[in-house]
Amino acid sequence: MDSIPYYVIAFQLVPVALALANWLLSLYFAPKSNDFIADLKQLWPDSMPFLKTQWPFIAVCMLGSNLSQAQIISNGNVKTEFSFGIVIASLVSAGILPILKLFYVSYLAAPKYPGRVATIGIWSVLLYVMGDWFISTLGTLGLAFLVAPGLVILVRTCLFLPIYALEGHHPLAAVEKSWSLTAGHYWQISRYLGLPTILFGILMLSPQVATVIAATGHYPMQYSLPIVAAAGAASLALSMILAGLTYKLYERLSAADDTILKDELTIKETIDIGAQ
């Protein structure tokens, strides 16, 4: 294998390595908790009705993602030229996934926030996509040039989706509220979301890594197609799981924040009564 593919693979693995290091540190700095396991177990029964009704859209999203990768690898070669097939398949997948995530989080929160699903429209989806893209880009640039700021941005804005979906479709307000709720919980959040985030990063990189390895000629190109298909389907499923986990985390941190506010009000009222 030439040196260039090795460098390409190494560069692509840097964000995953940083996420792994951050998660390992969180195991030391964050208090031990079973919240992640409990929420993950509860997420499956909570999600079943949604999956039963929305599975055609999930299937189309997976198909679009796999078709875009299959278009890149065709006839035993990596296609580098422009292709309308790749663009259309990618747009189908990228267009449906944000809608699914918004509906999914709104569905999970329906008992507490009824009617939020009905408020999702084209404009709200576009705003969510732009806001999510901006946060991801800012975090990625932070990781590339200054590691710590990038990690802080990604952790402190992790509640953008549930806040945006449930507290009005206002991107800036959602970022501000996420920053406020996550204050003082950096290591707790890193421990909670660290493992699924690392797995998601690995799955997202698997098609590119398989393509690079196959392009060197050491392995037949067709061997990478099953890896690409499996990684695409698994990454989409994990993306939905992460969306559900961020909602569960939002509920926990919101409840903790409400408790603190109530305690502060009680203390203030006690002081006021004592001063009278």
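Report follows, based on the coordinates. (Residues numbered from 1 in each chain as written. Predicted model: local features only at pLDDT ≥ 70, side-chain atom pairs only at ≥ 80, totals over all residues. Heavy atoms only, no water.)

## Digging into the nonpolar core
Put simply, the rule reads: Only buried residues count toward a nonpolar core. Its members are Ala, Val, Leu, Ile, Met, Phe, Trp, Tyr and Cys residues joined through side-chain atoms within 4.5 Å. Working definition: with a 1.4 Å probe on protein chains only, accessible area under 20% of the residue-type maximum means buried, over 50% means exposed, and in between means partly exposed. Only DSSP runs of H or I covering at least 4 residues are called helices, and only runs of E covering at least 2 are called strands; the numbering of each starts at the N terminus. Throughout, a residue-residue contact means that at least one pair of heavy atoms, one from each residue, lies within 4.5 Å.
In terms of nonpolar packing, the biggest core is built from 42 residues, with Leu102, Leu159, Leu193 and Leu249 touching the most fellow members. With nine residues, the single largest contributor to this core is helix H9 (residues 224-275). Once residues lying within four places of it in the same chain are set aside, the contact partners of Leu159 are Ser178, Leu181, Thr182, Thr246, Leu249, Tyr250 and Leu253. Membership of the second largest hydrophobic core comes to five residues, among which are Val16, Trp23, Ile198 and Leu205.

## Observations regarding the environment of Ile37
Along the polypeptide, Ile37 turns up in helix H2 (residues 35-72). In this structure, the C-alpha to C-alpha distance between Ile37 and Tyr192, residues 155 residues apart in sequence, is 9.1 Å.

## A closer look at the pattern of salt bridges
What counts, and what does not: Here, a salt bridge means any side-chain nitrogen of Lys or Arg that lies within 4 Å of a carboxyl oxygen of Asp or Glu.
The tally for this structure, following the rule as stated, stands at five salt bridges. Of the charged contacts, one joins Asp35 and Arg252 as a salt bridge, the two residues approaching to 3.3 Å between their closest N and O atoms. One end of the pair, Asp35, is in helix H2; the other, Arg252, is in helix H9, with 217 residues separating them in the sequence. Here Asp35 falls in the partly exposed class, since its relative accessible area comes to 26%. By relative accessible area, which is 31% here, Arg252 ends up partly exposed. Across the pair Asp39 and Arg252 runs a salt bridge whose closest N-O atoms are separated by 2.8 Å.

Functional significance is not addressed by these values, which are geometric in nature.
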